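Read off the chains here:
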Amino acid sequence: MSRTIKMIIGGAVALTAGANVALASDVTAGAAVFKKCKVCHSAVEGQKKVGPSLYGVVGRTPGTLAGFNYSPAMTGFGAGGAVWDAATLAEYLIAPRTLVPKTKMIFPGLSDEADRLNVVAYLDSLDD
Ligand code: HEC
């Protein structure tokens, strides 16, 4: 199989998985993945670190949490109509600077798809 075809199939699988985020992912496993984010992010409402609190982030417009000084890249991403739904978060976490060039989130990304889906499920559970 050519690389291109493999990439297309890989993308389709990722999209399908994204649509099933709530069903297929594991909140407990996601809490463990979140340890990688904790240096910079709190899961507690209103608690700012190097990055904004991720409490309630699912459904948030990027770059809009009051009191956090976002990069123009992130506020611009939100102003362009993006929303942090499960699929957008999962895509962002592959490689943050690919989806939001020049974001000041200096994190290479999560290479494992299950890790991405699980951490998004964990984030989604915070304000249940
Ligand atoms: C080295 C610090 C650092 C790490 C590690 C990090 N982030 Fe971030 N994150 C940031 C910063 C800083 C921002 C603000 C980005 C901007 O304004 O461009 C941010 C922004 C975000 C946003 C956008 C929030 C909003 O209100 O729009 C999400 C979502 C996010 N990070 C998720 C994560 C997740 C999930 C992880 C772990 C897998 C993670 N980050 C790891 C520093 C980090």
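Up top you'll find the structure we're talking about.
As the structure is a prediction and not an experimental result, all values here were calculated from the model.

Visitor: What is the right way to read the overall build of the protein chain from this model?
Guide: When you go through the protein chain residue by residue, the secondary structure sums to seven helices and zero strands. Along the protein chain, helices and strands appear, N-terminal first, in the series α-α-α-α-α-α-α. Counting over 128 residues, the protein chain shows a buried share of 37%. For the protein chain, restricting intrachain contacts to residue pairs at least 6 apart in sequence, the fraction spanning at least 24 positions comes to 44%.

Visitor: What exactly am I supposed to notice about the side chain of Thr103 here?
Guide: As for its placement among the helices and strands, Thr103 is situated in the loop between helix 6 (96-99) and helix 7 (113-125). Taking relative accessible area as the criterion, Thr103 reaches 2% and is therefore assigned buried. Among residues more than four places away in sequence, those in contact with Thr103 are Ser71, Ala73, Met74, Tyr92, Pro96 and Arg97.

Visitor: How should I be thinking about a negative patch on the surface in this particular structure?
Guide: Residues Glu45, Asp124, Asp127 and Asp128 make up a contiguous surface patch of negative charge. Structurally, Asp128 is set in the segment after helix 7. With a relative accessible area of 80%, Asp128 lands in the exposed category.

Visitor: Please explain the coordination of the iron atom of the ligand as it appears in this structure.
Guide: Note on metal geometry: ideal angles are 109.5 degrees for four donors arranged tetrahedrally and 90 or 180 degrees for six donors arranged octahedrally. The protein atoms that coordinate the iron atom of the ligand are His41 (NE2) and Met105 (SD), at distances spanning 1.9 to 2.1 Å. One way to put it: the six donor atoms around the iron atom of the ligand meet at angles of 86 to 179°, and that makes the site octahedral. Taken together, the residues span a long stretch of sequence, with His41 in the loop between helix 3 (27-33) and helix 4 (72-79) and Met105 in the loop between helix 6 and helix 7 at a distance of 64 residues. No difference in accessibility class separates His41 from Met105, as the two residues are buried.

Visitor: Got a minute to help me understand the nonpolar core in this structure?
Guide: The nonpolar side chains of soluble globular proteins are, as a tendency, buried together. Grouped together as the largest cluster of nonpolar side chains are 25 residues, with contacts concentrated most on Phe34, Met74, Trp84, Tyr92, Leu93 and Val119. Those elements giving two or more residues to this core turn out to be helix 4, helix 5 (86-92) and helix 7. Aside from chain neighbours lying at most four places away, what touches Tyr92 is Met74, Trp84, Leu99, Val100, Thr103 and Met105.

Visitor: Help me out: how do you make sense of the side chain of Ser71 in this one?
Guide: By the element assignment, Ser71 lies in the loop between helix 3 and helix 4. Excluding its chain neighbours within four sequence positions, the residues that come into contact with Ser71 are Lys102, Thr103 and Lys104.

Visitor: What am I meant to see in the site of the ligand here?
Guide: Neighbouring the ligand are 25 residues; Cys37, Cys40, His41, Ser71 and Met105 lie closest to it. In the model, an oxygen atom of the ligand is placed 2.9 Å from a nitrogen or oxygen of the Gly63 main chain. Between the ligand and Thr103, the relevant distance is 2.7 Å, taken from an oxygen atom to a side-chain nitrogen or oxygen of the residue. Here the shell around the ligand is built from residues that sort into 17 nonpolar, five polar and three charged.

Visitor: Whenever I open this one, the packing of aromatic side chains confuses me. Can you help?
Guide: Where two aromatic rings form a pair, the distance of their centres and the angle of their planes describe that pair. Under the counting rule described, the total for this entry stands at four aromatic pairs. Look at Phe34 and Tyr122: their rings are 5.2 Å apart centre to centre, the planes differ by 45°, and that puts the pair in the tilted class. With a gap of 88 residues between them, Phe34 in the loop between helix 3 and helix 4 and Tyr122 in helix 7 connect regions that are remote in the sequence. Looking at Phe34, the relative accessible area reads 1%, which means it is buried. Among the aromatic residues, those joined into a cluster by ring pairs are Phe77, Trp84 and Tyr92.

How each quantity is defined
Residue numbers run consecutively from 1 along every chain, following the written order of its sequence. With pLDDT at 70 or above as the cut-off, local features in this predicted model cover only qualifying residues; side-chain atom pairs require 80 or more to be listed or tallied, and sums for whole chains, interfaces and linings still use all residues. As a rule here, side-chain values cover all heavy atoms of the structure and leave hydrogens and water aside. Working definition: helices are DSSP H or I runs of at least four residues, strands are E runs of at least two. Numbering for both runs from the N terminus. Exposure classes here rest on a 1.4 Å probe applied to the protein chains alone. A residue is buried below 20% of its type maximum, exposed above 50%, and partly exposed in between. Whether two residues are in contact is decided by their heavy atoms: any pair within 4.5 Å suffices. Patch building starts from residues that exceed 30% relative accessible area and form no salt bridge, then joins like charges within 9 Å and nonpolar side chains (Val, Leu, Ile, Met, Phe, Trp, Tyr) within 5 Å. Each accessible area is a Shrake-Rupley result for a 1.4 Å probe, and residues are judged covered by the shown protein chains and nothing else. Here a salt bridge means any side-chain nitrogen of Lys or Arg lying within 4 Å of a carboxyl oxygen belonging to Asp or Glu. Counting rule for charge: Lys and Arg are taken as positive, Asp and Glu as negative, and neither His nor the chain ends is counted. Charge coordinates come from a single atom per side chain, which is NZ of Lys, CZ of Arg, CG of Asp or CD of Glu. Water is not among the atoms examined, so metal sites may look incomplete; donors are the N, O and S atoms within 2.8 Å of the metal, or within 3.2 Å for Na, K and Ca. Every angle between 85 and 135 degrees makes a four-donor site tetrahedral, while opposite donors more than 155 degrees apart, with all other angles between 65 and 115, make a four-donor site square planar and a six-donor site octahedral; other sites are irregular. Residues enter a nonpolar core if they are buried and are Ala, Val, Leu, Ile, Met, Phe, Trp, Tyr or Cys, with the set joined through side-chain atoms within 4.5 Å. Any residue with a heavy atom positioned within 4 Å of a molecule or strand is treated as near that molecule or strand. Polar contacts, as used here, are pairs of N or O atoms within 3.5 Å; protein pairs need one atom able to donate a hydrogen and one able to accept it. Residues neighboring in sequence count only if both atoms are side-chain atoms. Gly falls in the polar group here, along with every residue not listed as nonpolar (Ala, Val, Leu, Ile, Met, Phe, Trp, Tyr, Cys, Pro) or charged (Asp, Glu, Lys, Arg). For Phe, Tyr and Trp, where Trp contributes only its six-membered ring, two rings pair if their centres lie within 6.5 Å, and the inter-plane angle classes them as stacked under 30 degrees, edge-to-face over 60, or tilted in between.

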